[in-house]
Structure formats: C-alpha cells, structure tokens
Amino acid sequence: MNLAAAAHPGFLSPTGVEIVFVLVGLATLGSALVTVTTKQLVHAALWLVAALGGVAVEYLLLTAEFIAWVQVLIYVGSVVVLLLFGLMLTKAPIGPSPDADSGNRPLALAVALASAGTLVTLVVDAFRTTWIDLDTSGGASAEGSTRVTGESLFRAWVLPFEALSVLLLAALVGAIVLSRRGSAPEQDRTPEGKR
Amino acid sequence: MHLAYPAVLAALLFSIGIYGVLARRNAILMLMSVELMLNAVNLNLVAFDVWLRETLHTGQALALFTIAVAAAEIGIGLAIVLLVYRSRGTSDIDRLRDLRERSEAEAEADGIPDDPDGPYGDDAGGTGSAKYTDDSGRQTA
C-alpha cells in the first residue's frame, strides 16, 4: 500500500483520467438529479439517457469497454425506449405535471441524504489509500476488452449465462402474458369496457 | 485512479435513486429511479473488478448479469404497470390503496369492500361466475 501511495501523487495532483472521470461524474449526477426532480415525465426519461450514458463513459474510463457498449445498447437503447413506451401507453401528460412528486418528499429527502452521508463517509474512509492500477496499454489483452470478458464469460460463467437466458425467456413470456388483452367475453367485465 | 472516485459516485447515484423511489408518485418514474440504483451497483462492480484484477473477472461478469436482470425487471415491471393502469385508470402509486388496512367503521361506511380483481381474477371466464360480477368488474356478492 505504501508503494502504491508513493507511486501515486494523491488527491492534489490528479491524473488526466481522474479529471475526466470527475467531470463526467458530475454531469452524470446532475442528469440523475434532474431525472428524479423534473416535473415533466418525458423529460425525466430523456435525462435518464444522459445519466446512463455518463455511466457508460465511466465504464470506458475504467477500461471496461465491453460493459460500456452493453450499457449503451441495453440501457440507452432498449430500457429507455421501453420506459418511453410505458409513459406513452399510460397516457402520461406531455407538459409539466404538478403532482409528479408525492407527499412524502421531505421524508424521501431525509432518507436519501442520510444514506448519501453514511455511504460516502464509509467509502471515503475505507478506500482513502487505495488506487486502481489502470491498464491503459490498450490492445486486445486489456482488462475489460471484449476478448477477455468473453473468455471469462464463456469459460467460467457459462452455467449462469445459460440460466440467465432462461430467465430472460421467462420474463419475455411473462411480460406478454401480463400485457395481453383478455379474450372478448372477459373484456366486457373489465372497467375499460366502459370507455 | 483513486478508488474513492467511482465508489463515491456510485454511492451518490444510489442515494439519488433512493430519493426518486421514495418521492415519485408515477410508477414509471419509480422504475427509472430503480434503474439509477442498479447502475450505481454496476459501477461499483466494475470499479472493484478493475481494482482487484481477478482472473475470473467476477465483477464484470456479474455486472453483465445485473444488466440483463435489470432488462427483464423493467419489462415485467412495465407490464405490471400497464395492467394496473388498464384496470384502475391510473398509475399513481399513492392511489393504489386497495390492500391497505382499514378500520371497521370505514369498512362499514364504504359498504362493499373495494375489490376489483382486474381482468385476471380467480373466476377467469367461468360461466357460473357471471352472476357474481356486474359489468364494472366489481364483485357484488
């Protein structure tokens, strides 16, 4: 640990990667804050894109390239689109909706601030003298490259991977079954039949 | 890179997600906040994997699994929200109070307990059940 501390100058003279990481982190946090506070529901989904994209850039800076592109593909590409479709199908208002926040906002703020304070204090105290040795040499042998990730995924983690595919299939079937409209005689008894 | 940077960022993202889950009223906005929390966890997993440099890359594999499970979760969650919206006409969490405990006097005042069990109730399409439900889907007997 002392060697690592000697090799790295510490907080006061950060490296370029650290500066970029902090700047992107600030942008990510800002987007996340707007996501949870904005009154316009569709804007929340679009700010979520910025937040998730910022997290993807952080993955890139941590040399986990494969995860970064998976993040872009799945979160920014499909999850946000699903959320937008959900907003559309539940007829969310386009303009500002004043009742987007519920009445327990002060309590939520208190819980969030308490958890942020506790976690940040704990994490800073625990990892004050810990540095990540980023392998910035690049190439196919880097830590988070697609090759390395794929090899570990399909050598060591094949069984969880296959189980996960079954889970995804079950989720797909479940989502279809849940959101399918009932058969015609059954539909008359639901409240939507009175529309 | 100092390990505290990603760890602190993840902690703050997680707290923002907690605030969103507790403060939002719309169910879809709550799901967005849950996504933020899951992303904080993923960031931690990736950062610690890069720090520990393990041969099996447990952190990155687990982050991939978390992303896939999150995709499944958002699909099922949105299907449930849509179903609730279709049967109740709202997706506000605060208004979904059918399962709350209510006092005896309140139940007496209401008369019929509010129990619409949606299009997929326990009497799915049975002919004998038609006389128990009126056309609004509420059980009357």
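In this text, all values refer to a predicted model and were calculated from it rather than measured experimentally.

**Overview of the pattern of salt bridges**
- Enumeration according to the criterion identifies 5 salt bridges over all chains in this entry.
- In this structure, the salt-bridge partner of Glu 151 of chain A is Arg 147 of chain A, at a minimum N-O distance of 3.7 Å. Note that Glu 151 of chain A and Arg 147 of chain A are positioned in helix H6 (residues 146-155) at a spacing of 4 residues, about one turn of the helix.
- Taking relative accessible area as the criterion, Glu 151 of chain A reaches 34% and is therefore assigned partly exposed.
- Owing to a relative accessible area of 55%, Arg 147 of chain A belongs among the exposed residues under this scheme.
- Put simply, Arg 25 of chain B and Asp 94 of chain B hold a salt bridge, and the shortest N to O gap is 3.0 Å. Taken together, the residues Arg 25 of chain B in the loop between helix H1 (4-23) and helix H2 (27-52) and Asp 94 of chain B in the loop between helix H3 (58-88) and helix H4 (104-110) connect sequence positions 69 residues apart.

**Here's the deal with the interface of chain A and chain B**
- The partner chain B presents 78 residues to the 95 residues of chain A that form the contact.
- Carbon and sulfur atoms supply 72% of the area buried between chain A and chain B, which totals about 8,100 Å² over both sides.
- On the surface where chain A and chain B come into contact, there are 0 salt bridges.
- The interface formed by chain A and chain B holds 16 residue pairs in polar contact (both at pLDDT 80 or more) in total.
- Elements with a minimum of two residues in the side of chain A that touches chain B: helix H2 (16-37), helix H3 (41-61), helix H4 (65-89), helix H5 (105-126), H6 and helix H7 (158-179) of chain A.
- Here the residues of the side of chain A that touches chain B are counted per class, giving 57 nonpolar, 21 polar and 17 charged.

**A word on H4 of chain A**
- Over its 25 residues, H4 of chain A runs 35 Å from end to end, which matches the ideal 36 Å to within 8%, given 1.5 Å per residue.
- The set of residues buried in H4 of chain A consists of Ile 67, Ala 68, Val 70, Gln 71, Tyr 75, Val 79, Val 80, Leu 83, Gly 86 and Leu 87 of chain A.
- On its buried face, H4 of chain A is in contact with H3 of chain A together with H2 and H3 of chain B.
- Two residues or fewer after H4 of chain A comes Lys 91 of chain A, characterised by a positive phi angle close to 55°.

**With respect to the environment of Ser 15 of chain B**
- Residue placement: Ser 15 of chain B occurs in helix H1.
- Counting along the chain gives 25 residues from Ser 15 of chain B to Ala 40 of chain B, while the straight-line C-alpha distance between them is 9.1 Å.
- Excluding anything up to four places from it in sequence, Ser 15 of chain B contacts Ala 112, Ser 115 and Ala 116 of chain A.

**With respect to the confidence of the model for chain A**
All names here are of chain A.
- Predicted confidence across chain A gives a mean pLDDT of 83, with 82% of residues reaching 70 or more.
- The low-confidence segment residues 1-6, where pLDDT is below 50, has 3 contacts with residues more than four positions distant or belonging to other chains.
- In the predicted structure, residues 184-190 sits below a pLDDT of 50 and forms 16 contacts with residues beyond four places in sequence or in another chain.

**Points about the packing of H2 of chain B against H3 of chain B**
Residues and elements named next belong to chain B.
- In contact at an axis separation of 9 Å, H2 and H3 are set at 175° when each is read in the N-to-C sense. In terms of their interaxial angle, H2 and H3 are classed as roughly antiparallel.
- Looking at the contact of H2 with H3, its residues break down into 15 nonpolar, 6 polar and 3 charged.

Calculation rules
Residues numbered from 1 in each chain as written. Chains lettered and ligands numbered in written order. Predicted model: local features only at pLDDT ≥ 70, side-chain atom pairs only at ≥ 80, totals over all residues. Heavy atoms only, no water. Salt bridge = Lys/Arg side-chain N within 4 Å of Asp/Glu carboxyl O. Helix = DSSP H or I, 4+ residues; strand = E, 2+ residues; numbered from the N terminus. Buried < 20%, exposed > 50% of the residue type's maximum accessible area, 1.4 Å probe, protein only. Contact = heavy atoms within 4.5 Å. Buried area = accessible area lost by both parts, 1.4 Å probe. Polar contact = N/O pair within 3.5 Å; in protein donor to acceptor, adjacent residues only side chain to side chain. Nonpolar A, V, L, I, M, F, W, Y, C, P; charged D, E, K, R; others polar. Expected span 1.5 Å × (residues − 1). pLDDT = per-residue confidence, 0-100. Axes fitted to C-alpha atoms, helices over the stretch in contact; angles between N-to-C directions. Parallel < 35°, antiparallel > 145°, perpendicular 65-115°, else oblique.

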